[in-house]
Amino acid sequence: MFKSSFYNTIKHILSTPTSNNYIIMSSTAKIITRQRSTVNTTILNSPIVKKTKTKIATTKTTTSKKTNINPTKNNNKKEDSEEEEEEEEEDYDSSDNDKKLKNKKEIKKKKTSSSSNENDNLLKAPAEKKGFKPLDGKKRCFWISLTKDEEYIHYHDNEWGKENRDSQRLFEKICLEAQQAGLSWITVLKKRQNYRDNFYNFDPKLIVDNITPDVIDNNLMKNPGLIRNRLKLQAIVDNAKAYLKMRDQENIEFSTFIWSFVNNKSSIGKRVTGDTSVQGSRPLTRNDVSDAMSAALKKKGFKFIGTTTLYAFMQSVGIINDHCKDCEFNPTNQKT
């Protein structure tokens, strides 16, 4: 377009007299500059150019942030004015996407900070409470201080860690600890009365005589008051048979057998070496005694009695007293 108009004007100049050449050339120059300016404005005002300008501007700002450029006061003023112009030129979609990205980042930060705070609170709360005094004013272990369940608190105060030397009650406890495997103790505690009702108050003779595989499949496995795991329910029957064999054929009292692993004496539980968590470190989950007891009971025919299960059993029946050092039920805190 420019070439054709330019050649036409040259031809016209050459064909006209010399006196009018200057006027014609100046007018044609004005026409050309006007055409160029109109083309430039149309190009600059096009949406494609605007988008590219905004992209270049955003990349400049991000790169300047990454390289940590420290401009002077005059440069700051220029950048502020440029940023204002860029913000005006930005499309709605790009600003909306930026807002969404910012919101996502803020939400992630809040989640991570809240989760970390929650974890910190879970670890700090028991240590800060130092035994946690509920309404009755008693200091208890940190694991019970986090609940308001009266049955669970009663169990902690009156059963857990108390010496138990009754053979049938020890048999009940070892069977219930086997039911706990993979679950929390409070789950079993809430179902304990249902177990007593369905397993003849854990009388080994009545269990063996009355609970057959058909009873387990057609009755116990349909009972919502029990943990409906067939292997665990069958383990109670198998343990009852092993108990009766020890008592009737080997003439071994179950209580005597259990307490013989600690020379008939209870002890205060040890804590995890080097652990500085809540309430003066965590208790162990197994030891040499639980290892030996587990191996011996397996030889006798007992089921679901791993070393971890038996360590929990020893804690519950008072063979090991694992009340926290700040708990009133720790023997060192008992008033004489």
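Per chain, the residues get numbers from 1 upward, laid out in the order the sequence is written. Restriction of local features to residues with pLDDT of at least 70 applies here, the model being predicted, together with a cutoff of 80 or more for giving and counting side-chain atom pairs; totals for whole chains, interfaces and linings are based on all residues. In computing side-chain values, all of the structure's heavy atoms are included and hydrogens and water are not.

A.B. asks: Hey, could you run me through the overall build of the chain in this one?
C.D. replies: Runs of H or I in DSSP of at least four residues are treated as helices and runs of E of at least two as strands, each being numbered from the N terminus. Helices and strands together make up the secondary structure of the chain, namely 15 helices and two strands. Between buried and exposed lies partly exposed: a residue is buried under 20% and exposed over 50% of the maximum accessible area for its type, with that area taken using a 1.4 Å probe on protein chains only. Counting all 336 residues of the chain, 30% fall into the buried class. Contact between two residues is taken to exist if any of their heavy atoms lie within 4.5 Å; hydrogens are not considered. Of the contacts formed within the chain by residues at least 6 apart in sequence, a portion of 64% connects residues at least 24 apart. As presented, the chain carries roughly 22,000 Å² of accessible surface, and 53% of it is formed by carbon and sulfur atoms. The accessible surface values rely on the Shrake-Rupley method and a 1.4 Å probe; as for residues, cover is taken only from the protein chains in view.

A.B. asks: So what exactly am I meant to see when it comes to the environment of histidine 323 here?
C.D. replies: Summarising the element assignment, histidine 323 is placed in the segment after strand S2 (320-321). Put simply, histidine 323 and cysteine 141 are 182 residues apart on the chain and 6.2 Å apart in space, counted from C-alpha to C-alpha. Excluding anything up to four places from it in sequence, histidine 323 contacts Cys141, His156, Trp160, Gly161, Phe329 and Asn330. Here a polar contact is taken to be a pair of N or O atoms separated by no more than 3.5 Å, where protein atoms must pair a possible hydrogen donor with a possible acceptor and residues adjacent in sequence count only if both atoms sit in side chains. Of the polar contacts made by the side chain of histidine 323, one reaches the side chain of histidine 156; its length is 3.2 Å. Among the polar contacts listed, one links the side chain of histidine 323 to the backbone oxygen of tryptophan 160, at a separation of 2.9 Å.

A.B. asks: Would you explain helix H15 (residues 307-316) in this entry?
C.D. replies: Of all ten residues in H15, seven are buried; the element is thus mostly enclosed. Taken as a whole, H15 has its buried residues at Thr309, Leu310, Tyr311, Phe313, Met314, Gln315 and Ser316. Where H15 is buried, its residues contact helix H7 (150-158), helix H8 (167-180), helix H13 (254-259), helix H14 (288-300) and S2. Looking one or two residues past H15, glycine 318 carries a phi angle of roughly 85 degrees, positive in sign.

A.B. asks: In this structure, what is going on with the packing of H8 against helix H9 (residues 185-198)? I would like to understand it.
C.D. replies: Packed helix pairs are characterised by how far apart their axes lie and by the angle those axes make with each other. Where H8 contacts H9, the two axes come as close as 10 Å, and the packing angle between them is 130 degrees. Here H8 lies oblique to H9, going by the angle between them. In this structure, H8 meets H9 at a crossing whose hand is right-handed. Every residue of H9 that contacts H8 at Glu172, Lys173, Leu176, Glu177, Gln179 and Gln180 is listed here: Trp185, Val188, Arg192, Tyr195 and Arg196. Residues of the contact of H8 with H9, tallied by class, amount to four nonpolar, two polar and five charged. Axes here refer to lines fitted to C-alpha atoms; in helices the fit is confined to the stretch in contact. Angles between the N-to-C directions go from 0 to 180 degrees. Orientation is classified from the angle alone, with under 35 degrees giving roughly parallel, over 145 giving roughly antiparallel, 65 to 115 giving roughly perpendicular, and any other angle giving oblique. The hand of a helix crossing depends on one turn: near helix anticlockwise from the far one by less than a right angle means left-handed, and clockwise means right-handed. Gly is placed with the polar residues, together with every amino acid not listed as nonpolar (Ala, Val, Leu, Ile, Met, Phe, Trp, Tyr, Cys and Pro) or charged (Asp, Glu, Lys and Arg).

A.B. asks: I would appreciate a short explanation of the nonpolar core in the present structure.
C.D. replies: One broad rule of soluble globular proteins: the nonpolar side chains tend to lie buried together. Side-chain atoms within 4.5 Å link the members of a nonpolar core, which is a set of buried Ala, Val, Leu, Ile, Met, Phe, Trp, Tyr and Cys residues. If you look at the biggest cluster of nonpolar residues, it comprises 51 residues, and the most contacted ones within it are Tyr195, Phe199, Phe254, Leu297 and Phe313. At eight residues, helix H12 (residues 230-249) tops the list of elements feeding residues into this core. Look past the residues within four positions of phenylalanine 254 in its chain and what remains in contact with it is Ser167, Leu170, Phe171, Ile174, Tyr243, Met246, Leu297 and Phe302.

A.B. asks: Just checking my understanding: could you explain the packing of aromatic side chains for this structure?
C.D. replies: The geometry of two aromatic rings is summed up by the distance between their centres and the angle between their planes. Working definition: rings of Phe, Tyr and Trp (its six-membered ring) pair if their centres are within 6.5 Å, and the pair is stacked with planes under 30 degrees apart, edge-to-face with planes over 60 apart, and tilted otherwise. By the definition in use, this model includes nine aromatic pairs. Plain terms: the ring middles of tryptophan 143 and tyrosine 152 are 5.7 Å apart, the flat faces sit at 55 degrees to each other, and that makes the pair tilted. Their ring planes at 25 degrees and their centres at 5.7 Å tell us that phenylalanine 254 and phenylalanine 302 sit as a pair that is stacked. Placement of phenylalanine 254 in helix H13 and of phenylalanine 302 in the loop between H14 and H15 is noted, with a sequence separation of 48 residues between them. Exposure class is identical for phenylalanine 254 and phenylalanine 302. Each is buried. Ring-over charges, as used throughout, are those where CZ of Arg or NZ of Lys falls within 6 Å of the ring centre and within 35 degrees of the ring normal. Over the aromatic face of tryptophan 259 sits the side chain of arginine 165, whose NZ or CZ is 3.8 Å from the ring centroid. Across from the ring centre of tryptophan 185, 3.8 Å away, lies the NZ or CZ of lysine 173, which sits over that ring.

A.B. asks: Could you clarify how one ought to interpret the environment of arginine 169 in this entry?
C.D. replies: With respect to the helices, strands and loops of the structure, arginine 169 is situated in helix H8. Classification of arginine 169 by relative accessible area gives partly exposed; the value is 27%. When neighbours within four sequence positions are excluded, arginine 169 is seen to be in contact with Asn164, Asn201 and Phe202.

A.B. asks: What exactly am I supposed to notice about the pattern of salt bridges here?
C.D. replies: A side chain of one charge can pair with a side chain of the opposite charge if their charged atoms are brought near each other. The working definition used for a salt bridge is a side-chain nitrogen of Lys or Arg within 4 Å of a carboxyl oxygen of Asp or Glu. Enumeration over the complete set of coordinates arrives at 14 salt bridges. Glutamate 172 serves as the salt-bridge partner of arginine 169, at 2.5 Å between the closest nitrogen and oxygen. Residue arginine 169 and its partner glutamate 172 are both found in helix H8; the two are separated by three residues, about one turn of the helix. On the basis of relative accessibility, which here comes to 3%, the residue glutamate 172 falls in the buried class. Among the salt bridges present, the one from arginine 230 reaches aspartate 217, with a minimum N-O distance of 2.6 Å. Of this pair, arginine 230 sits in helix H12 while aspartate 217 sits in helix H11 (residues 213-218), and the two are 13 residues apart along the sequence. Relative accessible area serves as the criterion here: at 31%, arginine 230 is assigned to the partly exposed category. Each of Asp149, Glu151 and Lys190 takes part in a single network of salt bridges with overlapping partners.

Don't take any of this as a statement about function, it's just geometry.
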